[in-house]
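As a plain string of letters, each chain reads:
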Amino acid sequence: MEKPWRKYARAIHRDVGYVIIALTLAYGISGLAVNHVDAWNPNYKFAQRNVDIGPVPSGSPDETARLVATKAGLDASAIRGHVFDTATDFRVFFPDGQELRVDLATGRGTAKTVTTRAVLFQVNALHLNNLKGWWTYVADLFAIAMILMALTGAVMLKGQLGISGRGKWFIAGGLAIPVAGVLYMYS
């Protein structure tokens, strides 16, 4: 006869599992993305495009910055600064490292832009707890739910398929992976 606590373990495992599916997917996708941060930036896309706005009439540096930004299709209200590198080479700075460089005599130059990666930016912010505040409690509840999933999953089955049978070997194998990682890190 089955122990009644196994029935409860299955119910908890099933119902908590349904509740955390979306967060598990978000954390999993984000984890994959941030694991490879050395190869690419999971939060932002960087692009550079050529611009040709035509010769720029002389004016004050502030007016020139607003004019070249507008002609290049950028938001002039987001300008953070500007500088003349030479008499005609003019750079306009925007947030997040974005930049517009224009030769005022010819109107040719380049625009460097930064945009957020849809979905990845948001799930990474959740995973890394950039929101702080109330999200910390959500993340804590998720961690507790994952602990519950592990514990209830371990005791759901009985006999040869359960923790007293082959389950103990899978648990040992799963435990060996982080132990090996820690030993490697400190060797």
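Residues numbered from 1 in each chain as written. Predicted model: local features only at pLDDT ≥ 70, side-chain atom pairs only at ≥ 80, totals over all residues. Heavy atoms only, no water.

Caption draft 1: Seen up close, the overall build of the chain. When helices and strands are counted, the chain shows six helices and five strands. Helices and strands appear in the chain in the N-to-C order α-α-β-α-β-β-β-β-α-α-α. The C-alpha atoms of the chain give a radius of gyration of 27 Å, which is well past the 16 Å a tight globule of 187 residues would have. Along the first, second and third principal axes, the C-alpha set of the chain runs to 90 × 40 × 25 Å. Per-residue burial for the chain yields a buried fraction of 28% across its 187 residues. (Helix = DSSP H or I, 4+ residues; strand = E, 2+ residues; numbered from the N terminus. Rg over C-alpha atoms; globule rule 2.2 N^0.38 Å. Buried < 20%, exposed > 50% of the residue type's maximum accessible area, 1.4 Å probe, protein only.)

Caption draft 2: Representation of the sheet that holds strand β1 (residues 44-52). Strand order in the open sheet formed by five strands is β1-β5-β4-β3-β2, with antiparallel pairing between adjacent strands. Each end of this open sheet is capped by a strand with a single partner; those strands are β1 and β2 (81-84). Within the sheet, the average angular offset between the axes of one strand and its neighbour, ignoring direction, is 15°. Strand direction decides the pairing type here: β2 and strand β3 (residues 89-93), joined by four bridges, are antiparallel. Bridge pairing in β3 places F84 opposite F90. In the packing of helix α3 (residues 61-71) onto the sheet, contacts are made with β2, β3 and β4 (99-103), and the angle to β3 comes to roughly 75°. (Pairing = 2+ DSSP bridges. Axes fitted to C-alpha atoms, helices over the stretch in contact; angles between N-to-C directions. Contact = heavy atoms within 4.5 Å.)

Caption draft 3: Helix α1 (residues 4-19), seen in detail. A rise of 1.5 Å per residue sets the reference length of α1, with its 16 residues, at 22 Å; its end C-alpha atoms lie 23 Å apart and thus fit the reference within 8%. Taken together, the buried positions of α1 are occupied by R6, A9, V16 and G17. Take α1 and look down its axis: the buried residues cluster within an arc of 105°, on one side only. Across from the buried face of α1, at angles greater than 90 degrees, the exposed residues are P4, K7, Y8, Y18 and V19. Against α2 (21-35) and α5 (134-155) lie the buried residues of α1. (Expected span 1.5 Å × (residues − 1). Arc of directions from axis to C-beta.)

Caption draft 4: Molecular detail of the pairing of β4. Bridging between β3 and β4 involves five bridges; their strand directions are antiparallel. For V92, the partnering residue across the bridge sits in β4 and is L100. Here β3 folds back onto β4 in antiparallel fashion, the turn holding five residues, of which D96 has a positive phi close to 60°. In the sheet, β4 pairs with strand β5 (residues 108-116) via four bridges, with the strands oriented antiparallel. Bridging across to β5, R101 finds its partner in T110. In this antiparallel pair of consecutive strands, β4 and β5, the connection spans four residues, and G107 shows a positive phi of 85°.

Caption draft 5: Region of interest: unusual backbone geometry. Despite not being glycine, D96 has its phi angle at roughly 60°, a positive value. When you line up the elements, D96 lands in the loop between β3 and β4.

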